[in-house]
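# Understanding the architecture of this molecule
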Amino acid sequence: MGLYEFFYEYFILPIKENQGYNPVNTITYAIILGIAVILLYKMLKRMGIRVDERFFKALIPYIILGPLMRSMTDVGLLRRTYLTVSPGGYFVIAAFAIASLYAVWRHTGPDEKLYPIYRDFGWVLVGGLLFILIINLDKVDFNWAVLKYFIPALMIAEAFIWVLARRFKLIKDNGLLFYTHFYDATTTFVGIQFFGFWEQHVLARWLMDTLGTPAAMYLEKFVILLPVVWILDRMMEEEDEDLINFVKLTIFILGFGPGTRNFLIMLMGGG
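Below, the discussion takes up the nonpolar core. Ranked by size, the top nonpolar core spans 52 residues in total, and within it Ile-49, Phe-55, Leu-101 and Tyr-118 carry the most contacts. Those residues in contact with Phe-55, other than ones at most four positions away along the chain, are Leu-44, Ile-49, Arg-50, Leu-101, Tyr-115 and Leu-249. Of all hydrophobic cores here, the second largest spans 13 residues; its members include Val-75, Leu-77, Ile-93 and Val-126.

See the structure below:
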């Protein structure tokens, strides 16, 4: 197999035919993500931008932008291309977010004014997608029945985390991450269990097949997330606080983004 054939089979074809992920592209994307996290962290340090609550709030519209674009693509409101589905769509959003941050920083520097300007520009981009959605509402077949399954399942899942957070400080200190990833797990569980969706990721598919239930997503999330936050909070507590915060921000996005995409696709009648 030549290089082109290899790249086509493991990277292009899965996107073209909506096959989901395979071990090769999963590992490759994970490596790219790891390198990107390091480079972006170094970029923020050079720019003098702290990874704190101000930065997180300013980043929210860009975090929403990705799943909104992907869900609108899946229901046919945006053209399906390599740049509007994952992972290409997330590369595009990341490029927008980084370019916008750099442009605002060039104008304001690491000043307090940077955060509201950066945030508002992000909301303008979200508003553009929402405008496209609104003028095409007649093409969207909303499935409100999703809520009667999603809301109870989400309440049970988050109640489980709430109980654990009362007993274990590590979970309490990282409650946002656990709540967010159990939200993501709930969207997957409801979509597969009740609406005929399928899981795109290799490990999750294997775990569901092994245990025979999409509820395996909760186990996967917990088993992966718990040691990660333990390492960050216990073994890396001497490291730069901004680095720890940036890794946790990335983990949050990896839960909130796919979860919100799944929820919007279900709600808008996609599949």
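Structure shown, so let's carry the discussion forward.
Moving on: the packing of aromatic side chains. On inspection of all chains with the given rule, the structure shows 17 aromatic pairs. When the ring of Tyr-62 is compared with that of Tyr-118, the centres are 4.5 Å apart and the planes differ by 20 degrees; the resulting orientation is stacked. Of this pair, Tyr-62 sits in helix α3 (residues 53-74) while Tyr-118 is found in helix α5 (residues 114-135), placing the two residues 56 residues apart along the sequence. A relative accessible area of 4% means that Tyr-62 is categorised as buried. Look at Tyr-118 and you get buried, because its relative accessible area is 1%. Judged by centre distance (6.4 Å) and plane angle (65 degrees), the rings of Phe-160 and Phe-222 are edge-to-face. A residue pair is termed long-range when its members are at least 10 positions apart, and Phe-160 in helix α6 (residues 146-167) and Phe-222 in helix α10 (residues 216-235) qualify at 62 residues. A connected cluster of aromatic rings, assembled from ring pairs, spans Tyr-149, Phe-160, Phe-178, Phe-182, Phe-189, Phe-194, Phe-195, Tyr-218 and Phe-222.

All buried positions along helix α9 (residues 202-211) are accounted for by Ala-204, Leu-207 and Met-208. Burial along α9 is one-sided: seen end-on, the buried residues are contained in an arc of 100 degrees. Opposite the buried face of α9, by more than 90 degrees, sit the exposed residues Trp-206 and Asp-209. Looking one or two places after α9, you find Gly-212, whose phi comes out positive at around 75 degrees.

Right, let's talk about the pattern of salt bridges for a bit. Applying the stated criterion across every chain, the model contains 10 salt bridges. Linking Glu-53 and Lys-57 is a salt bridge whose minimum nitrogen-to-oxygen distance equals 3.1 Å. Of the two residues, Glu-53 and Lys-57 are both situated in helix α3; the distance of four residues between them amounts to about one turn of the helix. Residue classification places Glu-53 among the exposed positions, given a relative accessible area of 52%. Relative accessible area serves as the criterion here: at 47%, Lys-57 is assigned to the partly exposed category. For Glu-112, the salt bridge is made with Arg-54, and the minimal N-O distance between the two is 2.8 Å. In this pair, Glu-112 sits in the loop between α4 (88-108) and α5 while Arg-54 sits in helix α3, placing the two residues 58 residues apart along the sequence.

Reading the values: the criteria
- Residues numbered from 1 in each chain as written.
- Predicted model: local features only at pLDDT ≥ 70, side-chain atom pairs only at ≥ 80, totals over all residues.
- Heavy atoms only, no water.
- Core = buried A, V, L, I, M, F, W, Y, C linked by side-chain atoms within 4.5 Å.
- Buried < 20%, exposed > 50% of the residue type's maximum accessible area, 1.4 Å probe, protein only.
- Contact = heavy atoms within 4.5 Å.
- Phe/Tyr/Trp six-rings, centres within 6.5 Å; stacked < 30°, edge-to-face > 60°.
- Helix = DSSP H or I, 4+ residues; strand = E, 2+ residues; numbered from the N terminus.
- Arc of directions from axis to C-beta.
- Salt bridge = Lys/Arg side-chain N within 4 Å of Asp/Glu carboxyl O.

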